[in-house]
Amino acid sequence: MPAASRAICSLTEQWIRKHTPVLLLLSVGALLAASVLLSKVAFGLRTPMLTYLAYAMVASGAILLSVLRVSLQEALQLRVWSYSMIAGGLMALGSAIGYLTVHTAGAAYISLVIAFPPLLTWSLSLALRLEQFRFWRGIGLLVALGGGALLAFGQGMSVPQGAEIHVLAASAIPLVLAVGNVFRTRFWPTGADSRVLAALMLISGGALVFPFAFWVDGPRALLLFANPYRFAVL
């Protein structure tokens, strides 16, 4: 490789490492926004939402686990699975509330409440003394929260008549996600690979949703992806 090419590659690698937090913040934010919009599209296609969530979580976790090529012995450790079941359950609960209320509370409102978990997580971490107060972090979180509110209200966020219960339920999403964030930090299994835990949390969360999906959506909902349009929004 020519010296100029090596220099360019080195500079690019250094730039990516330096700006990794910002790049991750933007990419994760974009994916969260996309998931909210996709859930609304899925509801428009008359997709059973709990079954849709269960399939999406299990499939995502299974794909990630297969790519990592984790040994069965490593994946089935009791401490890892117990952690994954609780963390995945909290993750699934927050997502399930959003999926079931997005069609009535509105995508704008769901987008707004998703901006709250970082602030609540930080507040809980301070209360439990897991983290020290940092002025600029607090300012950053407040700015992000203000941006989410501005975006939501700028899109004409309104609560349809009769949707008050769904809006109230959606308002619990930040607390559920914040509790999940604090739990993952506080009880993280020592030495565990974060990628393996992410995969197992998705699979565990989806597995916990399936019984409720079977009860709410009915057994025929298991065939929902026979429709290619529904499969496309998975």
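To be clear, the structure that these remarks concern was listed above.
Residues numbered from 1 in each chain as written. Predicted model: local features only at pLDDT ≥ 70, side-chain atom pairs only at ≥ 80, totals over all residues. Heavy atoms only, no water.

S.K.: Go over the overall build of the protein chain with me, naming the residues and quoting the values.
M.R.: Secondary structure summary: the protein chain contains 12 helices and 0 strands in total. Listing every helix and strand of the protein chain by position from the N terminus yields α-α-α-α-α-α-α-α-α-α-α-α. For the protein chain, with 234 residues in total, the buried portion stands at 33%. Here the analysis covers contacts within the protein chain between residues at least 6 apart in sequence; of these, 83% occur between residues at least 24 apart. Approximately 14400 Å² of the protein chain is accessible, and the part contributed by carbon and sulfur atoms is 70%. (Helix = DSSP H or I, 4+ residues; strand = E, 2+ residues; numbered from the N terminus. Buried < 20%, exposed > 50% of the residue type's maximum accessible area, 1.4 Å probe, protein only. Contact = heavy atoms within 4.5 Å. Areas by Shrake-Rupley, 256 points an atom, 1.4 Å probe, with all protein chains shown as cover.)

S.K.: Could you give me a rundown of the nonpolar core, with the residues and numbers involved?
M.R.: One finds Leu65, Tyr83, Ala87, Phe183, Leu197, Leu200 and Met201 to be the most contacted residues of the largest nonpolar core, which totals 13 residues. Discounting residues that sit within four places of it in the chain, Phe183 has contacts with Tyr83, Ile86, Ala87, Leu90 and Trp188. Membership of the second largest hydrophobic core comes to 12 residues, among which are Ala42, Tyr52, Ala92 and Tyr99. (Core = buried A, V, L, I, M, F, W, Y, C linked by side-chain atoms within 4.5 Å.)

S.K.: Please give an account of a nonpolar patch on the surface that cites residues and values.
M.R.: Together, Met85, Ile86 and Leu208 make up an exposed nonpolar region whose accessible area comes to about 240 Å². Tracing the backbone shows Ile86 in helix α5 (residues 78–105). (Patch = residues over 30% accessible without salt bridge, like charges linked within 9 Å, V, L, I, M, F, W, Y side chains within 5 Å. Salt bridge = Lys/Arg side-chain N within 4 Å of Asp/Glu carboxyl O.)

S.K.: Describe in detail the environment of Val209, supporting the description with residues and values.
M.R.: Mapped onto the secondary structure, Val209 falls in helix α11 (residues 194–217). Here the alpha-carbon distance between Val209 and Met57, two residues 152 residues apart in the chain, equals 9.3 Å. Apart from residues lying up to four places away in sequence, Val209 is in contact with Leu50, Leu53, Ala54 and Ala92.

S.K.: A description of the pattern of salt bridges should follow, citing residues and the corresponding values.
M.R.: As a working rule, side chains carrying opposite charge can pair if their charged atoms are close by. Inspection of the entire model under this criterion finds 1 salt bridge. Across the salt bridge formed by Arg195 and Asp193, the nearest N and O atoms sit 3.0 Å from each other. Look at Asp193 and you get partly exposed, because its relative accessible area is 25%.

S.K.: Describe the environment of Asp217, with residues and values.
M.R.: For Asp217, the position within the fold is in helix α11. Sequence-wise, Asp217 and Thr51 are 166 residues apart; in three dimensions their C-alpha atoms are separated by 7.0 Å. Each residue touching Asp217, except ones within four places of it in the same chain, is listed here: Pro48, Met49, Leu50, Thr51 and Phe212. A distance of 2.8 Å separates a polar atom in the side chain of Asp217 from a polar atom in the side chain of Thr51. (Polar contact = N/O pair within 3.5 Å; in protein donor to acceptor, adjacent residues only side chain to side chain.)

S.K.: If you had to explain the packing of aromatic side chains to someone new, which residues and values would you point to?
M.R.: In total, this model carries 5 aromatic pairs according to the counting rule given. Relative to Phe187, the ring of Phe183 has its centre 5.1 Å away and its plane inclined at 40 degrees; by these criteria the two rings are tilted. What links up through ring pairs into an aromatic cluster is the set Tyr83, Phe183, Phe187 and Trp188. Its guanidinium or amino end placed over the ring of Phe187, Arg186 lies 5.2 Å from that ring's centre, counting from NZ or CZ. (Phe/Tyr/Trp six-rings, centres within 6.5 Å; stacked < 30°, edge-to-face > 60°. Lys NZ or Arg CZ within 6 Å of the ring centre and 35° of its normal.)

S.K.: Any chance you could break down the environment of Leu100 for me, citing the residues and the numbers?
M.R.: Tracing the backbone through its elements, the reader meets Leu100 in helix α5. In the structure, Leu100 is positioned 52 residues away from Pro48 in sequence and 9.4 Å away in space, judged by C-alpha atoms.

S.K.: Give me the lowdown on α5, citing residues and values where you can.
M.R.: The terminal C-alpha atoms of α5 lie 39 Å apart, and with 28 residues this matches the ideal 40 Å at 1.5 Å per residue to within 8%. A maximum bend of about 30 degrees is found in α5 at Tyr99. (Expected span 1.5 Å × (residues − 1). Bend = angle between axes of the 7 residues up to and from the residue.)

S.K.: Give me the packing of α5 against helix α10 (residues 173–186): which residues, what numbers.
M.R.: Each pair of packed helices can be summarised by the angle the axes make with each other and by the distance between the axes. Contact geometry of α5 with α10 gives a least axis separation of 9 Å together with a crossing angle of 165 degrees. Classed by the angle they form, the pair α5 and α10 counts as roughly antiparallel. Crossing of α5 over α10 shows left-handed handedness. Here Tyr83, Ile86, Ala87, Leu90, Leu93, Gly94, Ile97 and Gly98 of α5 come into contact with α10, specifically with Ile173, Val176, Leu177, Val179, Gly180, Phe183 and Arg184. (Axes fitted to C-alpha atoms, helices over the stretch in contact; angles between N-to-C directions. Parallel < 35°, antiparallel > 145°, perpendicular 65-115°, else oblique. Left-handed = near helix turned anticlockwise from the far one by under 90°.)

Interpretation note: all reported values are geometric properties and have no functional meaning in isolation.
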